[in-house]
Structure formats: C-alpha cells, structure tokens
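Given next are the chains, with one letter for each unit.
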Amino acid sequence: MRYWNSGTLAAIVALGVAGSAAAQSQAPVVKPATAADYTALAALPDWSGVWQPDWSALFSGRGGRNAETPAFTPATKKIVDEFVARQKQGENLQTEMANCVPAGMPQIMRMPYPIEFLFTPSRVTILIETEMQIRRIYTDGRPLPADPDPTFNGSSVGHWEGDTLVVDTIGLNPKTSIVPGVHPTENTKIRETIRLEKPDLMVITTTITDPALFSSPFVQVTPYARHRDWQIREYVCQENNRDAADEFGRPSMSIEQ
C-alpha cells in the first residue's frame, strides 16, 4: 500500500479541483427548467419503451437498408488491408472491448443490446444497456464545442426537424473504432437522423465524414424494433466478463491483460 503525505495529497486535490473547474467553465450555462418546458415535452414523438437493433430487418430487407461500403482514402485502405492481413495471421481478433473498454461512438449504437430514450427539457438522453453507457444530446441550441475533450461517445448536440431528431457528434476518442482497424481523427464528424418509420420501427441513419479517412460520406442505416414491455438490465462488464487480449489483439487467458 502506498502512503501519501499531506503535502502530496493537497497538491493532487488542488490539481483535480483546478481541472474540474476549467472543464465546467467551458460548458454553457443551463437555465433551470420551468413547468412550461416540461409541458412542451408532450409535443415530442412517442419513443417510449425499449428499442433493440432489428438485425433480421436489416439483413432480410424487411424495412432495413444495408450499409454502404466505406469509400476509404488510399491511405486508409492501406491501413484496413494491413489490419485484415494481420487478422488472417491470428492478430486483431479482439479489441480493447475484451477488457471492458467502452465501444464508443458510432459502434455503441449498433451493439446487440437495447437502448432507451429519456426526454427532459433541453436534452435527450440515451440509456444504453451495453456497459451501462449514457449519451447526452443537448437540444438547447448550443453549438458544438470549438475544442472538445476527446471522449468515447463524443460531444453531441441535436435539434428537432418535425418528428426527426438530428444529432451532430464530434470529439471522439481515437481509441474507438469507426470500422475495424479505422480510428477517428479530430476531424471526424457524425450526423445521425433518428425517426419513426412505423409505430414500432425506428430508423437511425448515421453519416460519418472525415476527409482523411473517407473519400465520400460513410452511411449506415440501422432499424430498431420497439419492445414496450422490456426493461434495460444491468450490464457490469468488469464482473468476470472479460476475455483478455494481448497487445496484438490475440485472445488470451491471462488475467494480467
């Protein structure tokens, strides 16, 4: 066990407080919600219940559209080709998700686990069963941050166009993957349009742009089926659910990974 003297602890606390204060100062001031703000939520579309990706619809053509093939830049295609070649040699078979590192955007929205939407004034919150993740989409008119701190789910702002929620996300952690072997840069942008196509069928269209990675926008279309009687369950990845991987992405039984 490591013991800290009072001077060291004071310095650590001071740095933590300073860093927290700096981060908070960058956030827009949120006005207290009024009764009218909560009343206005009734005008939003009914997205109640729990939603799960409808893979049968996606691949059978029942209301789903297959994703476009990514149009990689030459540099990115070389990276992907090398990544696939190493997979054939037994590497890159697992990502850091095997060690409970979050999938991050955009992959977190395509995991085979349900999601749930929570409407509150100036915000749409997405509760994701996978690793108990939360996405906060601000709808109070704020702009995207000019210099966001990279995070796994990024910084998201949205606005309503009729019954469609349009969400822009930037500031993605480079540890995440857009597709296997391809990581976001500081110029990666994601736009999602979320709408009901039928009462119990939601369609999320995800358009990813980055001039360093794609020569044209990369589009993914994911249908979600509504389950009104489901509940989001607890998902604690750290609780003996790890499949270790070494530094080459090869499966490992070592508990040290």
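Here, the structure is the one placed above.
Here the structure is a predicted model, which is why all the values come from computation and not from measurement. (Residues numbered from 1 in each chain as written. Predicted model: local features only at pLDDT ≥ 70, side-chain atom pairs only at ≥ 80, totals over all residues. Heavy atoms only, no water.)

A. Looking closely at the pattern of salt bridges. Per the stated rule, a full pass over the model turns up 9 salt bridges. For D46, the salt bridge goes to R228, with nearest N and O atoms at 3.9 Å. Taken together, the positions of D46 in the loop between α2 (35–40) and β1 (50–53) and R228 in the segment after β9 (218–227) put the pair 182 residues apart, joining distant regions of the chain. One salt bridge connects R195 with E197, and the closest N-O pair in it is separated by 3.3 Å. Beyond isolated ion pairs, a larger network of salt bridges with shared partners links D46, D200, R226 and R228. (Salt bridge = Lys/Arg side-chain N within 4 Å of Asp/Glu carboxyl O. Helix = DSSP H or I, 4+ residues; strand = E, 2+ residues; numbered from the N terminus.)

B. Looking closely at the environment of P32. Relative to the helices and strands, P32 resides in the loop between α1 (6–26) and α2. By relative accessible area, which is 71% here, P32 ends up exposed. Spatially, the C-alpha atoms of P32 and P121 are 9.2 Å apart, while their sequence positions differ by 89 residues. (Buried < 20%, exposed > 50% of the residue type's maximum accessible area, 1.4 Å probe, protein only.)

C. Seen up close, the nonpolar core. Of all hydrophobic cores here, the largest spans 30 residues; its most connected members are W47, M109, I115, F117, I194 and M202. Within the residue set of this core, elements represented by two or more residues are β2 (115–120), β3 (123–128), β6 (164–170), β7 (189–198), β8 (201–209) and β9. Ignoring sequence-local partners within four residues, the contact set of I115 consists of V50, W51, M109, I126, L127, I128, Y224 and I232. (Core = buried A, V, L, I, M, F, W, Y, C linked by side-chain atoms within 4.5 Å. Contact = heavy atoms within 4.5 Å.)

D. View of the environment of D168. Examined against the element boundaries, D168 turns out to sit in strand β6. Between the C-alpha atoms of D168 and P143, which are 25 residues apart in sequence, the distance is 9.8 Å. Residues contacting D168, with those up to four places away along its chain left out, are L144, S155, S156, V157, I190 and R191. Among the polar contacts listed, one links the side chain of D168 to the side chain of R191, at a separation of 2.8 Å. (Polar contact = N/O pair within 3.5 Å; in protein donor to acceptor, adjacent residues only side chain to side chain.)

E. Layout of the environment of F83. In this structure, F83 sits in helix α4 (residues 74–88). The class of F83 is buried, set by a relative accessible area of 18%. As for F83 and L93, which are separated by 10 residues in sequence, their C-alpha atoms are 10.0 Å apart.

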